[in-house]
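# Summary of the model geometry
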Amino acid sequence: GPGNPHPCAPWHGRCETANDNLDIMVSTMDAHRFLQIAPIFEGLGLEALRGIMASGCFLRAVARGTCLFREGDPTKELYVLASGRIQIVQTISTGHRLILQFARPGAAFDLATLLARWNGRHTVGACARDDSSVWIASIDEFRRHLDAHPVLLRNVAKILSGEAEALRERVRDFALLPVERRIARILLSEYRVSGPEVQASHAELAEMGGTTRSTVSRLLGRWRGEGVIETGRGPARARHGAEMGSL
């Protein structure tokens, strides 16, 4: 939309790659894999999972920069990330984009709309940070499985509780911390998830911290001079987790 500094390609219902006919019906092997990695399926028996997979679920390749959905789009499908990374984004009142989180393999995203049957529209946007593949199911079909398998509903509630706590922490950070501390906390969080090489650009760190790219570049330059991180043309690399925590 207007003011979005990094617009994503629109989602047209098929992947936008050189081989764009890549929808794949989920096999038993895929069911095993998702049972192991996806928190939304934790505790669900294999037969029940096979039943979910058999009700029209498929994998889709999603090219980097492609949006699965935008804020306000009708909620039609449930998404679980199989590979790659997805940016979960929201547009603030100034028209600028705020990155709420990076969804990583196994994550289901924008689950709040799964339960908000009276609304039926996405509250956030989801765009591919890297070339990714996403497990997709009809949201109406999945709601029927929620009624049949209470463990799924408990998992959704647990995921939403964790997301709500993470958002409360972000709100506290924005309200109470200067920008330097906010960016340091984001770097430390990414370090804990992805290891020393922080897979976020200067622009993305700015969008996560509610600041400007030039401010992020200045801070990273200072921390590089202090020996806490290494920077170059690629991602920032943390020297040591303890030093990151002291920023």
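Structure's up top.
Residues numbered from 1 in each chain as written. Predicted model: local features only at pLDDT ≥ 70, side-chain atom pairs only at ≥ 80, totals over all residues. Heavy atoms only, no water.

## Here's the deal with the packing of aromatic side chains
Inclusion rule: Each aromatic pair joins two rings of Phe, Tyr and Trp (for Trp, the six-membered one) with centres within 6.5 Å, and gets the label stacked for planes under 30 degrees apart, edge-to-face for over 60, and tilted for any other angle. Counting from the N terminus, the helices are the DSSP runs of H or I reaching at least four residues and the strands are the DSSP runs of E reaching at least two. A 1.4 Å probe rolled over the protein chains alone gives each residue an accessible area, and that area as a share of the maximum for its type sets the label: buried under 20%, exposed over 50%, partly exposed in between.
Evaluation of the coordinates by the stated rule reveals four aromatic pairs. Ring geometry for Phe41 against Trp135: centres 5.4 Å apart, planes inclined by 90 degrees, an arrangement best described as edge-to-face. Taken together, the positions of Phe41 in the loop between α1 (28-37) and α2 (46-53) and Trp135 in strand β8 (residues 132-138) put the pair 94 residues apart, joining distant regions of the chain. Each member of the pair, Phe41 as well as Trp135, carries the same accessibility label: buried. Here the aromatic cluster, defined as three or more aromatic residues joined through ring pairs, consists of Phe69, Tyr79 and Phe109.

## Points about the side chain of Asn155
Keep this limit in mind: Every residue pair with non-hydrogen atoms within 4.5 Å of one another is taken to be in contact.
Tracing the backbone shows Asn155 in helix α5 (residues 150-176). Residues contacting Asn155, with those up to four places away along its chain left out, are Pro39, Ile40, Phe41 and Glu42.

## Brief notes about the sheet that holds strand β7 (residues 125-128)
Keep this limit in mind: Two strands qualify as a pair provided that DSSP identifies no fewer than 2 bridges between them. Inter-axis angles, ranging from 0 to 180 degrees, are taken between N-to-C directions of lines fitted to C-alpha atoms, where helices are fitted over the stretch in contact.
Pairing is antiparallel in the open sheet, where four strands are placed in the order β3-β7-β5-β6. Of all strands in the sheet, those with a lone pairing partner are β3 (67-69) and β6 (97-103), marking the two edges. Looking at each pair of strands side by side, their axes are set apart by 30 degrees on average, direction ignored. Of the strand pairs in this sheet, strand β5 (residues 86-91) and β7 are connected by four bridges, and their pairing is antiparallel. Of the residues in β7, the one forming a bridge with Gln87 is Cys127.

## What to know about the layout of surface pockets
Condition: A pocket, in this scheme, is an open set of points on a 1 Å grid over the protein atoms alone with protein on both sides within 12 Å along at least 5 of 7 lines, while a cavity is a set where a 1.4 Å probe fits but cannot get out; residues line either one if an atom lies within 4 Å of a point. Grid points are joined across faces, edges and corners, and a volume is the space filled by probe spheres set on the points. Polar here means any residue outside two lists: the nonpolar Ala, Val, Leu, Ile, Met, Phe, Trp, Tyr, Cys and Pro, and the charged Asp, Glu, Lys and Arg; Gly therefore counts as polar.
Of the pockets and cavities examined, the largest pocket occupies roughly 1200 Å³. Breaking the lining of the largest pocket down by element, the ones donating at least two residues are β5, β6, α5, α6 (179-194) and α7 (202-209). Of the residues in the lining of the largest pocket, the class split is 23 nonpolar, seven polar and 11 charged.

## What to know about the nonpolar core
Note the cut-off: Working definition of a nonpolar core: buried Ala, Val, Leu, Ile, Met, Phe, Trp, Tyr and Cys residues. They are joined through side-chain atoms within 4.5 Å.
Ile40, Phe41, Leu44, Ile52, Leu111, Trp135 and Phe142 are the most contacted members of the largest nonpolar core, which totals 25 residues. At the level of elements, α2, β4 (77-83), β8, α4 (139-148) and α5 are the ones that each hand at least two residues to this core. One finds Ile99, Val198, Ala200 and Leu220 within the second-largest nonpolar core, a separate group that totals 18 residues.

## Some remarks on α5
Selection rule: Expected helix span is taken as 1.5 Å per residue step, with the number of steps being one fewer than the number of residues.
Over its 27 residues, α5 extends 39 Å from the first C-alpha to the last, a length consistent with the 39 Å expected when each residue adds 1.5 Å. Considered for burial, the residues of α5 that qualify are Val151, Leu152, Asn155, Val156, Ile159, Arg170 and Asp173.

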